[in-house]
Amino acid sequence: MFGDCLVTKPLLILDQYFRTVEELFDPDTYDELSSICRIEGGQDQPMDIERVSALLKEATFLVAARPRVTQADIQSAPNLRAVIEVSGAFNDGIDYAACFERGIDVLSCAPGFREAVAEMGLAMLLSASRGLVAEHEAFRQGGESWLDDREETDFTVYRQQIGFIGYGNIAREMHALLRPFAPKISAYDPWLTTFPQDVSPLGLDDIFKQCRAIIVAAVPDADNRHMIGAKQIDAMQTGSALILISRAHVLDFDVAVQAASAGRITFATDVFPSEPADKDHPIRTAPNVILSPHRAAAVPRGRQLIGRMILHDVKSVLNGDTRRQLVPANPSRVEGLIAAQRAIEKSGKLDAT
């Protein structure tokens, strides 16, 4: 009967390793994706590159940790509609120009880290503002300050002046978490022309002069290496907190460590110029620091938001909807993002976010 005719599902290649399937997808999301697409791959090991190239000839979607798509692949893949990376950054290996010319979406999973990273940013901010780590360490040494206001270093987040460097997905998520504290939020982001009503745009230098807490959430590109240096950090109020949750690429890391060591600021960071950090790096013994070994997104099920976003965007592509939850590659910016990623990896940065 006509109603029993099989409809061919679009092919989705899932070459997600180094990530695991469970890391990216909760069972319900994976089941729904499987009901929409025929999934090839999806094993917790890398796929053979020849097999991926062969499957691309039929595929509608390629989901991969390190997508490899040449112009020849694109020419032989008439059904291809979207290439989705799940490492956390746009990388070499994709012929972006050929994708843009064909109207193939190139999407990054970076927004899928926003909940876990924003949560860690909030934890770091609260710990820094209330001296929690400093007093914990003092307590272990018998030097804790009972009922002490610690007026030189501690501050409340309620109604506080807080600044974001970069106001993208992670910053917006962290701002949402902060709203119950009724803070006064400022942001510096040269890529944005409009901001929400409760965000005051400020210049880079003014953010550091005016805000008691500064959250660095800027995406690294070819132009913003060490854009935060001595000029900005020297302008910070004594007892301020600097929270780094994006990449060390954008910050003169040594200057921040020196300011913390001098007792001027508290410096909390989840990322480092080279990872793992050297055993003799000064930050390991510096006072007034809060250290996390690149664990902001490392929480059980914390990256399954990526899978839900993949499902949403696959459905959108198939339905002719132009709305995306993942980040589309911007033709005017992607080369700068890739150049920054190359520099980060060359310096010894770990791949995983």
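All figures in this text were calculated on a predicted structure; none of them were measured in a lab.

Asks: Give a description of the nonpolar core that names residues and reports values.
Replies: Counting residues in hydrophobic clusters, the biggest one holds 53 residues, and the most contacted among them are Leu-12, Val-86, Phe-164, Leu-178 and Ile-310. A total of seven residues in this core trace back to one element, the largest contributor, which is helix H12 (residues 304–319). Apart from residues no more than four positions distant in its own chain, Leu-178 is found in contact with Leu-122, Leu-125, Val-157, Ile-162, Phe-164, Pro-183 and Ile-185. Core analysis: the second largest hydrophobic core is formed by 30 residues, Ile-214, Val-250, Val-257 and Ala-286 among them.

Asks: Now, about the pairing of strand S11 (residues 265–269): what can you tell me, with residues and values included?
Replies: Taken across its five residues, S11 has five buried, putting it largely inside the fold. The alternating pattern of S11 places Ile-265, Phe-267 and Thr-269 on one face and Thr-266 and Ala-268 on the opposite face, and all of these are buried. Of the strand pairs in this sheet, strand S10 (residues 240–244) and S11 are connected by five bridges, and their pairing is parallel. Looking across to S11, one finds that Leu-242 is bridged to Phe-267. Taken together, S10, helix H11 (residues 253–261) and S11 form a β-α-β motif whose crossover is right-handed. By the bridge criterion, three bridges tie S11 to strand S12 (residues 289–291) in an arrangement that is parallel. Considered in S12, the bridge of Thr-269 is made with Leu-291.

Asks: Outline the sheet that holds strand S9 (residues 213–216), listing residues and values.
Replies: An order of S8-S7-S6-S9-S10-S11-S12 is seen for the seven strands of this open sheet, with the pairing classed as parallel. Of all the strands in the sheet, just strand S8 (199–201) and S12 have a single pairing partner and so form its edges. Adjacent strand axes in the sheet meet at a mean angle of 20° when their direction is disregarded. Pairing of strand S6 (residues 161–165) with strand S7 (residues 184–188), which is carried by five bridges, proceeds in the parallel orientation. Bridge pairing in S7 places Ile-162 opposite Ile-185.

Asks: An account of the packing of helix H2 (residues 27–36) against H12 is needed here, citing residue identities and associated values.
Replies: Each packed pair of helices is defined by two parameters, the angle between the axes and the distance between the axes. Contact geometry for H2 and H12: axes closest at 9 Å, N-to-C directions at 20°. Compared by their axis directions, H2 and H12 come out roughly parallel. As for the relative orientation of H2 and H12, their crossing is left-handed in sense. Facing Thr-29, Glu-32, Leu-33 and Ile-36 of H2, the residues of H12 in contact are Gly-307, Arg-308, Leu-311, Val-314, Lys-315 and Leu-318.

Asks: Before we move on, can you summarise the packing of aromatic side chains with the specific residues and values?
Replies: Scanning all chains against the criterion turns up nine aromatic pairs. Centre to centre, the rings of Tyr-96 and Phe-100 are 6.4 Å apart; their planes meet at 45°, and the pair counts as tilted. Of this pair, Tyr-96 and Phe-100 both sit in helix H5 (residues 96–102), four residues apart, which is roughly one turn of the helix. Judged by relative accessible area, which is 5%, Tyr-96 ranks as buried. The class of Phe-100 is partly exposed, set by a relative accessible area of 28%. Here a set of aromatic residues connected by ring pairs shows up, and it is made of Phe-90, Tyr-96 and Phe-100.

Asks: Can you tell me about the side chain of Ser-108, naming the residues and giving the values?
Replies: Counting through the fold element by element, Ser-108 comes out in strand S5 (residues 105–108). Among the polar contacts made by the side chain of Ser-108, one reaches the main-chain amide nitrogen of Ala-110 at a distance of 3.2 Å.

Asks: Give me the UniProt feature "domain: D-isomer specific 2-hydroxyacid dehydrogenase catalytic" (unreviewed entry) in the protein: which residues, what numbers.
Replies: What UniProt calls "domain: D-isomer specific 2-hydroxyacid dehydrogenase catalytic" (unreviewed entry) maps, in this numbering, to residues 45–325. When the span residues 45–325 is considered, its composition is 33% helix and 15% strand, and the gap between its end C-alpha atoms is 27 Å.

Asks: Lay out the UniProt feature "domain: D-isomer specific 2-hydroxyacid dehydrogenase NAD-binding" (unreviewed entry) in the protein in plain terms, naming residues and giving numbers.
Replies: Residues annotated in UniProt with the feature "domain: D-isomer specific 2-hydroxyacid dehydrogenase NAD-binding" (unreviewed entry) correspond here to residues 122–296. The straight-line gap between the two end C-alpha atoms of residues 122–296 is 11 Å; of that span, 27% is helix and 17% is strand.

Asks: I'd like a rundown of the pattern of salt bridges, residues and numbers included.
Replies: Across all of its chains, the model carries 14 salt bridges by this definition. The partner of Glu-23 in a salt bridge is Arg-303, with the nearest N and O atoms 2.5 Å apart. Of this pair, Glu-23 sits in helix H1 (residues 21–24) while Arg-303 sits in the loop between S12 and H12, placing them 280 residues apart in sequence. Across the pair Asp-321 and Arg-323 runs a salt bridge whose closest N-O atoms are separated by 2.8 Å. For Asp-321, a relative accessible area of 23% gives the class partly exposed. On the accessibility criterion, Arg-323 (62% relative accessible area) is exposed. Within this structure, Arg-38, Glu-40, Arg-51 and Glu-58 form a network of salt bridges that share partners.

The rules behind the values
Residues numbered from 1 in each chain as written. Predicted model: local features only at pLDDT ≥ 70, side-chain atom pairs only at ≥ 80, totals over all residues. Heavy atoms only, no water. Core = buried A, V, L, I, M, F, W, Y, C linked by side-chain atoms within 4.5 Å. Buried < 20%, exposed > 50% of the residue type's maximum accessible area, 1.4 Å probe, protein only. Helix = DSSP H or I, 4+ residues; strand = E, 2+ residues; numbered from the N terminus. Contact = heavy atoms within 4.5 Å. Pairing = 2+ DSSP bridges. Right-handed = clockwise from strand over helix to strand, strands pointing away. Axes fitted to C-alpha atoms, helices over the stretch in contact; angles between N-to-C directions. Parallel < 35°, antiparallel > 145°, perpendicular 65-115°, else oblique. Left-handed = near helix turned anticlockwise from the far one by under 90°. Phe/Tyr/Trp six-rings, centres within 6.5 Å; stacked < 30°, edge-to-face > 60°. Polar contact = N/O pair within 3.5 Å; in protein donor to acceptor, adjacent residues only side chain to side chain. UniProt positions renumbered as here; feature names shortened; annotations may be inferred. Salt bridge = Lys/Arg side-chain N within 4 Å of Asp/Glu carboxyl O.

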